[in-house]
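# Coordinate analysis (summary)
What follows is each chain in one-letter form.
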Amino acid sequence: MAITGGINIAMKVPSHQYAAVIAFYRDTVGLEAIEDKAPAMGFILGPNRLWIDEAPNFSQAEVWLELFTDDHEAALGGFAEKGVVRCDAVEDLGEGFRGGWIMNPANIVHMVRTPDAW
């Protein structure tokens, strides 16, 4: 099971903080915005992409990470064998998506997917 870090980082932000967080990264920090995937809003963060997702049902922000693998089924199976919690209910990825969701021991969500999963 070969795993590498992905390029996407998702920050799930409650609705009452969403506009301020967007303004922080755009206006205060001055990161280059990614606006061509509306309604998603993202920023160039070095070699990574920071996506700010509005999460109306959240009470506080969370950071979600991404892991790449060439064989998502083998990787997810290997994680399950090691007792890693699978949490696909956190967000629907749609039919045919080549990946899934897991959580680390501190409940940080990770997407495990093939690089061409979309």
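To start, this report covers the structure provided alongside it. (Residues numbered from 1 in each chain as written. Predicted model: local features only at pLDDT ≥ 70, side-chain atom pairs only at ≥ 80, totals over all residues. Heavy atoms only, no water.)

We now examine the nonpolar core. By size, the foremost hydrophobic cluster in this structure holds twelve residues: Ile9, Met11, Val13, Tyr18, Val21, Ile22, Tyr25, Leu31, Met41, Phe43, Leu50 and Ile52. Secondary-structure elements contributing two or more residues to this core are β2 (8-13), α1 (15-28), β4 (41-45) and β5 (48-54). For this core, the element with the highest residue contribution is α1, accounting for four residues. Each residue touching Tyr25, except ones within four places of it in the same chain, is listed here: Met11, Gly30, Leu31, Phe43, Leu50 and Ile52. Ala10, Trp64, Leu93 and Val109 belong to the second largest nonpolar core, which has nine residues in total. (Core = buried A, V, L, I, M, F, W, Y, C linked by side-chain atoms within 4.5 Å. Buried < 20%, exposed > 50% of the residue type's maximum accessible area, 1.4 Å probe, protein only. Helix = DSSP H or I, 4+ residues; strand = E, 2+ residues; numbered from the N terminus. Contact = heavy atoms within 4.5 Å.)

One pass over the structure, following the stated rule, counts six salt bridges. For Lys12, the salt bridge identified is with Glu91, shortest N-O distance 2.7 Å. Remark: Glu91 occurs in the loop between β7 (85-86) and β8 (99-103) and Lys12 occurs in strand β2; sequence separation between them is 79 residues. By relative accessible area, which is 7% here, Lys12 ends up buried. We note a salt bridge from Arg98 to Asp116, for which the minimum N-O separation is 3.6 Å. Residue Arg98 is found in the loop between β7 and β8, and its partner Asp116 is found in the segment after β9 (109-113); the two are separated by 18 residues along the sequence. With a relative accessible area of 32%, Arg98 lands in the partly exposed category. (Salt bridge = Lys/Arg side-chain N within 4 Å of Asp/Glu carboxyl O.)

With the rule as written, the count across this model stands at three aromatic pairs. For the ring pair Tyr25 and Phe43, a centre distance of 6.0 Å and an interplane angle of 40° mean the geometry is tilted. You can see Tyr25 sitting in helix α1 and its partner Phe43 sitting in strand β4, a full 18 residues away along the chain. Since its relative accessible area comes to 16%, Tyr25 is described here as buried. Overall, the relative accessible area of 0% leaves Phe43 in the buried class. The interplanar angle of 75° and the centroid separation of 5.1 Å between the aromatic rings of Trp64 and Trp101 together place this pair among those described as edge-to-face. Here Trp64 is found in strand β6 (residues 62-68), whereas its partner Trp101 is found in strand β8, with 37 residues between them in sequence. Residue classification places Trp64 among the buried positions, given a relative accessible area of 4%. Among the aromatic residues, those joined into a ring-pair cluster are Phe24, Tyr25 and Phe43. Note that Lys12 overlies the ring of Trp64, its terminal NZ or CZ placed 4.3 Å from the centroid. (Phe/Tyr/Trp six-rings, centres within 6.5 Å; stacked < 30°, edge-to-face > 60°. Lys NZ or Arg CZ within 6 Å of the ring centre and 35° of its normal.)

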